[in-house]
Amino acid sequence: MTDHVARVQQEWERERPDLDIGPMLVIARMHRIANALTTELVRVYREHGLSEGEFDVLAALRRAGEPYERAPGELAQVTMVTTGAMTKRLDRLVRAGLVTRRVSEVDGRGRVVALTAKGVELIDRAYEAHLANESRLIGHFSHKERQALETLLRRWAEHLEP
């Protein structure tokens, strides 16, 4: 079966046989896979009433350990969004009763965001469903193939990320 990228490859090979399109084959497939994965991951978040960004914030707070709190700036950094985007996410999560914001006891000018009991319960359920979904998405690979893929992707990320 010929996929979309293979059809594009055939067209470029016909039109520009002088070019090495090997890199495009990898990048185009990775891009298409990333888009498909995002769709599959977001579906599970929505089943729990969360957006992708809200899931990220709740997960970042949960994995911080008890008392499940971080400063807003730290949350923005670990979820790789701007502080403005974080503020919007936090506003929605506060309204939903999943997190609270309070003045820092260490620095009166700073704020602390913490999971509520309702937030802990929700992210625990959502994260279990998320992991089951991820297992389903890579289930056709053997353990050895998953390890090899993870190694390659980690090496690539180390090269691309600062």
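Everything that follows concerns the structure shown earlier in this document.
A quick note: this is a predicted structure, and the numbers were derived from the prediction, not measured.

Definitions and cut-offs
Residues numbered from 1 in each chain as written. Predicted model: local features only at pLDDT ≥ 70, side-chain atom pairs only at ≥ 80, totals over all residues. Heavy atoms only, no water. Core = buried A, V, L, I, M, F, W, Y, C linked by side-chain atoms within 4.5 Å. Buried < 20%, exposed > 50% of the residue type's maximum accessible area, 1.4 Å probe, protein only. Helix = DSSP H or I, 4+ residues; strand = E, 2+ residues; numbered from the N terminus. Contact = heavy atoms within 4.5 Å. Axes fitted to C-alpha atoms, helices over the stretch in contact; angles between N-to-C directions. Parallel < 35°, antiparallel > 145°, perpendicular 65-115°, else oblique. Nonpolar A, V, L, I, M, F, W, Y, C, P; charged D, E, K, R; others polar.

Asks: Sorry if this is basic, but what is going on with the nonpolar core here?
Replies: General note: in soluble globular proteins, nonpolar side chains tend to be found buried as a group. Ranked by size, the top nonpolar core spans 25 residues in total, and within it L50, L58, L75 and L115 carry the most contacts. Secondary-structure elements contributing two or more residues to this core are α2 (22-47), α3 (52-62), α4 (72-79), α5 (83-95), β3 (111-115) and α6 (117-137). When residues in this core are grouped by element, the largest group, six residues, is from α3.

Asks: Teacher, can you tell me more about the side chain of N133 here?
Replies: Its location among the elements puts N133 in helix α6. Sequence-distant contacts of N133, that is, excluding residues within four places in its chain, are made with E40, L41, R43 and V44.

Asks: Before we go on, may I ask you to explain the packing of α3 against α5 in this structure?
Replies: Geometry of a packed helix pair, given as the angle between the helix axes and the separation of the axes. One can describe the packing of α3 onto α5 by two numbers: an axis separation of 10 Å at closest approach and a directional angle of 85°. Between α3 and α5, the angle is such that the two are roughly perpendicular. Residues G53, E54, V57 and L58 of α3 pack against M86, R89, L90, R92 and L93 of α5. Residue classes in the contact of α3 with α5 are distributed as five nonpolar, one polar and three charged.

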